[in-house]
Amino acid sequence: GLHLLLEVKDSTAANSVRSAFLKSFNSSHDGITYLEDEELVICGVRIYGSPWQPEFLDWAFNMPRGAIREKWKAIPSNVD
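The structure presented is a predicted model; accordingly, all values stated were derived computationally and were not measured.

Participant: Quick rundown of the nonpolar core? Include the residues and the values.
Facilitator: With 5 residues, the main nonpolar core is built from W52, A60, F61, M63 and I68. Other than its neighbours up to four places away in sequence, I68 contacts W52, Q53, P54 and M63.

Below you can see the structure in the form of structure tokens.
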């Protein structure tokens, strides 16, 4: 998975980092598709992308362990 090695000191800064990260993609020109809790099928291969990780320091894409379990439960069981 993708992990940003950034340390941010508060949730406002974390949201700013996430926002800047999302704005950096222009899939129509870069050939990049950013998946955030969604699926993409390429040549019959089902890919599910989710950036969240259990809380660790003040890194971007942190989520409390109770909440992240719900995200993980939402991952389809039949992805490749």
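After that view, the rundown keeps rolling.
Participant: Which residues make up the pairing of strand β1 (residues 38–42), and what values go with them?
Facilitator: The side chains of a regular strand alternate, residue by residue, between the two faces of the sheet. Bridging between β1 and strand β2 (residues 45–49) involves 5 bridges; their strand directions are antiparallel. Note on β2: the bridge partner recorded for I42 is V45.

Participant: With reference to specific residues and values, describe the environment of K71.
Facilitator: Note that K71 resides in helix α3 (residues 65–73). Here K71 falls in the partly exposed class, since its relative accessible area comes to 26%. Along the primary structure K71 and S50 are separated by 21 residues, whereas in three dimensions their C-alpha atoms are 8.3 Å apart. What K71 contacts, discounting residues up to four positions off in sequence, is D37, W52 and M63.

Participant: Let's hear about the environment of G44: which residues, and what values?
Facilitator: With respect to the helices and strands, the residue G44 is situated in the loop between β1 and β2. Note: C-alpha distance between G44 and D80 (36 residues apart in sequence) is 9.5 Å.

Participant: Let's hear about a nonpolar patch on the surface: which residues, and what values?
Facilitator: Taken together, the side chains of I42, V45 and I47 define a hydrophobic patch exposed on the protein surface, amounting to about 220 Å² of accessible area. Note that I47 resides in strand β2.

Participant: Lay out the packing of aromatic side chains with the relevant residues and their values.
Facilitator: Across all of its chains, the model carries 2 aromatic pairs by this definition. Taking 5.9 Å as the distance between ring centres and 65° as the angle between the ring planes, the aromatic pair formed by W52 and F61 counts as edge-to-face. Comparing W52 with F61 shows no difference in burial state: the two are buried. Ring centres of F56 and W59 lie 4.8 Å apart, and the angle between their planes is 80°; this geometry places the pair in the edge-to-face category. By relative accessible area, which is 22% here, W59 ends up partly exposed.

Conventions adopted
Residues numbered from 1 in each chain as written. Predicted model: local features only at pLDDT ≥ 70, side-chain atom pairs only at ≥ 80, totals over all residues. Heavy atoms only, no water. Core = buried A, V, L, I, M, F, W, Y, C linked by side-chain atoms within 4.5 Å. Buried < 20%, exposed > 50% of the residue type's maximum accessible area, 1.4 Å probe, protein only. Contact = heavy atoms within 4.5 Å. Pairing = 2+ DSSP bridges. Helix = DSSP H or I, 4+ residues; strand = E, 2+ residues; numbered from the N terminus. Patch = residues over 30% accessible without salt bridge, like charges linked within 9 Å, V, L, I, M, F, W, Y side chains within 5 Å. Areas by Shrake-Rupley, 256 points an atom, 1.4 Å probe, with all protein chains shown as cover. Salt bridge = Lys/Arg side-chain N within 4 Å of Asp/Glu carboxyl O. Phe/Tyr/Trp six-rings, centres within 6.5 Å; stacked < 30°, edge-to-face > 60°.

Without other data, these values stay purely geometric and don't point to any function.
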